[in-house]
Amino acid sequence: MSKIKVLTVFGTRPEAIKMAPLVKELEKNSDTFESIVCVTAQHRQMLDQVLHLFNIKPDYDLNIMKENQNLWTLTSDVLLKMKDVYEASQPDIVLVHGDTTTSMAAALSAFYAKIPVGHVEAGLRTFDKYYPFPEEINRVFADAVCTYHFAPTDTSCENLLKASIPEEHIYKTGNTVIDALLYTVENHKTDLSELNLDKNLKTILLTSHRRENFGEPIKNICKAVLELVEKNPQIQFVYPVHLNPNVQKPVYELLDGHPRIRLIAPMEYAPFATLMKQSDIILSDSGGVQEEAPSLGKPVLVLRSTTERPEAVEYGTVKLVGTDTDAIVKEVQNLLDNPDEYKKMSEAINPYGDGLACKRIVEILKTRLKK
Ligand code: UD1
Ligand code: UDP
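Everything in this summary refers to the structure shown in the same document. (Residues numbered from 1 in each chain as written. Chains lettered and ligands numbered in written order. Predicted model: local features only at pLDDT ≥ 70, side-chain atom pairs only at ≥ 80, totals over all residues. Heavy atoms only, no water.)

1. With respect to the overall build of the chain
So, step 1. Along the chain, the regular secondary structure elements total 15 helices and 13 strands.
So, step 2. Projected onto its principal axes, the C-alpha coordinates of the chain cover approximately 65 × 40 × 40 Å.
So, step 3. The buried share of the chain, reckoned over its 371 residues, is 58%.
So, step 4. Restricting the contact set of the chain to residue pairs at least 6 apart, pairs at least 24 apart contribute 70%.
So, step 5. Only carbon and sulfur atoms are counted for the fraction: they give 52% of the accessible area of the chain, which is about 15800 Å².
So, step 6. The chain carries 42 positive and 51 negative side-chain charges, and their two centres are separated by 2 Å. (Helix = DSSP H or I, 4+ residues; strand = E, 2+ residues; numbered from the N terminus. Buried < 20%, exposed > 50% of the residue type's maximum accessible area, 1.4 Å probe, protein only. Contact = heavy atoms within 4.5 Å. Areas by Shrake-Rupley, 256 points an atom, 1.4 Å probe, with all protein chains shown as cover. Lys, Arg positive; Asp, Glu negative; His and termini not counted. Charge placed at Lys NZ, Arg CZ, Asp CG, Glu CD.)

So this is what it looks like as structure tokens:
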């Protein structure tokens, strides 16, 4: 019996974190699968951090990242270069993840090559084509092209049904991010002494990188941070700043140099997970952080007006606050001043998975692709 050839494609930090445990699970089942990994390297340093942590050595590295890249060249680079990878590797199935341009263009490229595609983290939607941009349309495209849909939650399954995806192609698996988080917290304990955080202060962790927040919104977020540290001598901010120049420039211009605002480089996943655990409040526009923080019992104020991850909002551990300076200040202050409010938002819940998503996906692939 010949092995099932699975080509896993990813390019950015969050895709790598969420696909790494799946690559590991495929490797564990090497009697059934030949696992091939292709990274587009839409991200470079932030991708390499994850490859290093999970000890993944890609078979193909397209190395496409350019300084301040745009969506047109990114899309065409992935579309064209994946054609060569598909021709060289001849996989039985391609796996892509989520909603990045790598995922959308790699899925489309596989469709043109008539190779079936599985979409991990399928079915997330805001139903607003510009929020988040371009991710909402990327995921709609990827879902349209894919044959196997690995949806994390009931809501994502329902969204796929609404998009006329046949029910027999939809599998509720949980989100692989929880597999990655549990594995990392268990196997990579890190100490954060290098950060020199003041243990007597409350720590607020901040991340922000969404395209819709470039320009005024990100400046408004920074102004809220400044106002909060001025009003509250008992708090400190830690902000691992995304390497996108549209984020780096305003953030360093507005926040650098304050003794209670620590601007640092993007962190390796293991120390970042530890920092999430040790923080009191998290402010973020990240998708992955919205999924991870609730399972660590940390309140998340989301710096966006919509989310494709409504589950933790419904439970009450995540709140949408947008990017208005006053609104951010008010919501953070509320959590600092009201222990009852804080307690309500810091219940540990886990609507996104149980750590077994990758095992489920691999079992489904075994059954569906048996040779
Ligand atoms: C991308 C994804 C977004 C995802 C985010 C996760 C698209 C269109 N966007 O956005 O969906 O939420 O990743 O972080 O797919 N850079 C570096 N080194 C790195 C990474 C980025 O220098 O390791 C800089 C480069 O100048 C690069 C720029 O950031 O050109 C933008 O990277 P890009 O992947 O286009 O956009 P992100 O904002 O990272
Ligand atoms: N993350 C990390 N180091 C950091 C900031 C975030 O490892 O300095 C992790 C985080 O835990 C989550 C993922 O990166 O798993 C989220 O990536 P990002 O916010 O860039 O993208 P998104 O999830 O919004 O697509």
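2. Some remarks on the site of ligand 1
So, step 1. Around ligand 1, 25 residues are found, and the nearest of them are His-43, Gln-45, Lys-66, Thr-101 and Glu-135.
So, step 2. Between ligand 1 and His-43, the relevant distance is 2.6 Å, taken from an oxygen atom to a side-chain nitrogen or oxygen of the residue.
So, step 3. Take Glu-135: an N or O atom from its side chain is 2.5 Å from an oxygen atom of ligand 1.
So, step 4. For ligand 1, the accessible surface in isolation is 740 Å², of which the surrounding protein chains cover 97%.
So, step 5. Here the shell around ligand 1 is composed, by residue class, of 8 nonpolar, 11 polar and 6 charged. (Near = heavy atom within 4 Å. Polar contact = N/O pair within 3.5 Å; in protein donor to acceptor, adjacent residues only side chain to side chain. Nonpolar A, V, L, I, M, F, W, Y, C, P; charged D, E, K, R; others polar.)

3. Observations regarding the nonpolar core
So, step 1. Among the nonpolar cores identified, the biggest contains 58 residues, and Phe-10, Leu-22, Phe-54, Leu-95, Phe-150, Met-276 and Leu-365 are the most heavily contacted of them.
So, step 2. Residue contributions to this core peak at 7 residues, all from helix 1 (residues 13-28).
So, step 3. Leaving out residues up to four positions away in the same chain, Met-276 has contacts with Leu-181, Leu-205, Ile-282, Val-289, Glu-292, Leu-296 and Lys-298.
So, step 4. Core analysis: the second largest hydrophobic core is formed by 29 residues, Leu-206, Ile-221, Val-251 and Leu-263 among them. (Core = buried A, V, L, I, M, F, W, Y, C linked by side-chain atoms within 4.5 Å.)

4. Concerning the environment of His-52
So, step 1. By the element assignment, His-52 lies in helix 2 (residues 45-54).
So, step 2. For His-52, a relative accessible area of 59% translates into the label exposed.
So, step 3. Residues His-52 and Ile-4 lie 48 residues apart in sequence; the distance between their C-alpha atoms is 26 Å.

5. With respect to the pattern of salt bridges
So, step 1. A full pass over the atoms with the stated rule returns 26 salt bridges.
So, step 2. Its salt-bridge partner being Lys-231, residue Glu-227 comes within 3.6 Å of it at the nearest N-O pair. With Glu-227 and Lys-231 both in helix 8 (residues 216-231), this residue pair falls 4 residues apart, about one helical turn.
So, step 3. Residue class for Glu-227 comes out partly exposed when judged on its relative accessible area of 31%. (Salt bridge = Lys/Arg side-chain N within 4 Å of Asp/Glu carboxyl O.)

6. Digging into the environment of His-149
So, step 1. Relative to the helices and strands, His-149 resides in strand 6 (residues 148-151).
So, step 2. Sequence separation between His-149 and Gly-118 is 31 residues; the distance between their C-alpha atoms is 5.9 Å.
So, step 3. Once residues lying within four places of it in the same chain are set aside, the contact partners of His-149 are His-119, Ala-122, Asp-143, Leu-160, Ile-165, His-169, Ile-170 and Tyr-171.

7. Details of the site of ligand 2
So, step 1. Lining the immediate environment of ligand 2, one finds 15 residues, of which Arg-13, Met-267, Ser-286, Gly-288 and Glu-292 sit closest.
So, step 2. With respect to ligand 2, the side chain of Arg-13 contributes an N or O atom lying 2.8 Å from an oxygen atom.
So, step 3. The side chain of Arg-210 places a nitrogen or oxygen atom 3.2 Å from an oxygen atom of ligand 2.
So, step 4. When isolated, ligand 2 has an accessible area of 540 Å², and the protein chains bury 95% of it.
So, step 5. When its residues are assigned to classes, the shell around ligand 2 shows 8 nonpolar, 4 polar and 3 charged.

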